[in-house]
Amino acid sequence: MNPRRPHRRPLLLLVPSNLASQGPLLLLVPDKDRATESPTLFHLPRRRCLPFRLPPAPQDSTRHLVSLGCRVVIRDYLSDLNRRDLRMVHLLTGEQTRLPPPNAKAGSFNHFILSGDLLVNWGYFGRTICFCRLGAADWSVATIRIRGVWEEHYFLEDIICVKGTIYALVSTCYWYDRPGYRLGVVNISENWPSSAELVLLGDRLDARSVHLPVGTPLILRLAECLGQLIVVSTSKPNPRVDNVFCWKSEESKWVRITRIGGCALFFGTPFFVGSLGPDHPGIRKDCIYFSRDGLWSEYSLIDGSFRQYDHAVLPGGRSRGDFSAPVWVLPSKHS
């Protein structure tokens, strides 16, 4: 059986100009107790809800979505906890790819990244990853190894793919609830037995190394913008202050930047989903979007303003509580 089959109801006309012209969208899926209602695509610039169909969920299941930009990984948890249905759906074309069931030994983690046709499944604050090529019959499992005396004293904080290279951010230790971070490249071997090794880059990443006041608590998330690896640090929740640093591979260090080339970055709950370029309509330039505060929120790197949008923008009296966590959909002419 061919693991890929087209969905019958694509959302948009499949022409590059149409795909490229869409603003950022939020996919809103009704909660389980509202299973009879249809999902909705919320168009941010137009403040408009668009009807949308997803593949039907199995009966008596709970659905969880993970955004990969214009694709989502759909996980349907069945009443039998040992059974989970996994698939990846391209939301603009409707193309579906069946994914192998979770590995019996490793289980299934909450986060995914896609590097070409290699899908990596990983869990926050762990060390083990699962990975497979699209269309494969099973997952490979490996524990990420680091050469060094502190090999067993690290935890995965974030993983991202930039221009075909997989980077990981790991925390090396916790002192007074303030971790030290290291960046590295993940080299995956798909030959049996499968393995993964982290090659460390640069020095320890903490407040001092990024020229912030010593003792500043850092919440770091990897991102990509215009083909460059960056990290976003949230150092103050109220009022919110986000700082952005770009990785300079030639110098093996992070450099603080105050603009991101007019682009917009999009984060889910809480990891990076994707970016839209400065010429894309419907975005605020040099802005970071989040989908975890209210319906969504925006932080401007230009003036430091923070805007939060809640259910008041939804038509028909529908509230944020009627839906599960919103999921970003980022159209692109390169989708």
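A brief report on the enclosed structure follows. This structure is a prediction, so every number in the text was calculated from the model and none was measured.

A short note on the nonpolar core
Core analysis: the biggest nonpolar cluster contains 34 residues, and Leu222, Leu229, Ile230, Trp254, Leu265, Phe267 and Ile288 have the highest contact counts within it. Listed by contribution, the elements that provide at least two residues to this core are β13 (155–162), β14 (165–175), β15 (178–189), β17 (219–225), β18 (228–237), β19 (240–248), β21 (264–267) and β23 (287–290). The residues contacting Leu229, other than those within four sequence positions of it, are Ile160, Val162, Tyr167, Leu183, Leu222, Ala223, Phe245, Cys246, Trp247 and Trp254. Counting residues in each nonpolar core, the second largest holds 20 residues, with Ile129, Val170, Val186 and Ala196 among its members.

Observations regarding the environment of Asp60
Along the chain, the position of Asp60 falls in the loop between β4 (48–51) and β5 (62–67). Considered as a pair, Asp60 and Leu78 are 18 residues apart in the sequence and their alpha carbons are 6.3 Å apart.

Overview of the sheet that holds strand β2 (residues 25–28)
Read from one edge to the other, the open sheet built from four strands follows the order β4-β3-β2-β26, with strand pairing classed as antiparallel. Taken across any chain shown, the strands that pair with only one partner, and hence form the sheet edges, are β4 and β26 (327–329). Sheet twist, expressed as the mean angle between neighbouring strand axes with direction ignored, is 35°. Where β2 lies against strand β3 (residues 40–43), four bridges are found, and the strand directions are antiparallel. When the sheet's bridge partners are listed, Leu26 is paired in β3 with Phe42.

What about the pattern of salt bridges?
Across all of its chains, the model carries nine salt bridges by this definition. Here Asp206 and Arg204 are joined by a salt bridge, their closest N and O atoms 3.3 Å apart. Given a relative accessible area of 22%, Asp206 falls into the partly exposed group. In this structure Arg204 comes out as partly exposed when scored by relative accessible area, which is 36%. With a closest N to O distance of 3.4 Å, Glu251 and Lys253 form a salt bridge. Here Glu251 falls in the partly exposed class, since its relative accessible area comes to 49%. On the basis of relative accessible area, Lys253 is assigned to the partly exposed category, the value being 41%.

Some words on the packing of aromatic side chains
A complete count under the given rule lists nine aromatic pairs for this structure. Ring geometry for Phe42 versus Trp296: centroids 5.9 Å apart, planes at 45°, classification tilted. With Phe42 in strand β3 and Trp296 in strand β24 (residues 296–300), this residue pair connects regions lying 254 residues apart in the sequence. Exposure class is identical for Phe42 and Trp296. Each is buried. By way of ring pairs, the aromatic residues Phe42, Trp296 and Tyr309 are connected into one cluster. The ring of Tyr154 has Arg127 lying over it, and the distance from NZ or CZ to the ring centre is 5.5 Å. Sitting over the ring of Phe155, Arg127 keeps its end group 4.8 Å from the ring centre.

Quick look at the environment of Trp328
Residue placement: Trp328 occurs in strand β26. Here Trp328 falls in the buried class, since its relative accessible area comes to 1%. Distance from Trp328 to Arg71, taken between C-alpha atoms, is 9.4 Å for residues 257 residues apart in sequence. At a separation of 2.9 Å, a polar atom in the side chain of Trp328 contacts the main-chain carbonyl oxygen of Phe267.

Digging into the pairing of strand β8 (residues 95–98)
Judged from the three bridges that link them, strand β7 (residues 84–90) and β8 form a sheet pairing that is antiparallel. Paired with Val89 across the bridge in β8 is Gln96. Here β7 folds back onto β8, and the loop between the two strands holds four residues, one of which, Gly94, carries a positive phi near 85°.

A few points about the sheet that holds β23
Ordered by their spatial adjacency, five strands build an open sheet running β22-β21-β23-β24-β25, and the pairing between neighbours is mixed. One side of each edge strand has no neighbouring strand; the edge strands of this open sheet are β22 (272–276) and β25 (306–309). Mean inter-strand twist for the sheet, computed between neighbouring axes without regard to direction, equals 15°.

Reading the values: rules and limits
- Residues numbered from 1 in each chain as written.
- Predicted model: local features only at pLDDT ≥ 70, side-chain atom pairs only at ≥ 80, totals over all residues.
- Heavy atoms only, no water.
- Core = buried A, V, L, I, M, F, W, Y, C linked by side-chain atoms within 4.5 Å.
- Buried < 20%, exposed > 50% of the residue type's maximum accessible area, 1.4 Å probe, protein only.
- Helix = DSSP H or I, 4+ residues; strand = E, 2+ residues; numbered from the N terminus.
- Contact = heavy atoms within 4.5 Å.
- Pairing = 2+ DSSP bridges.
- Axes fitted to C-alpha atoms, helices over the stretch in contact; angles between N-to-C directions.
- Salt bridge = Lys/Arg side-chain N within 4 Å of Asp/Glu carboxyl O.
- Phe/Tyr/Trp six-rings, centres within 6.5 Å; stacked < 30°, edge-to-face > 60°.
- Lys NZ or Arg CZ within 6 Å of the ring centre and 35° of its normal.
- Polar contact = N/O pair within 3.5 Å; in protein donor to acceptor, adjacent residues only side chain to side chain.

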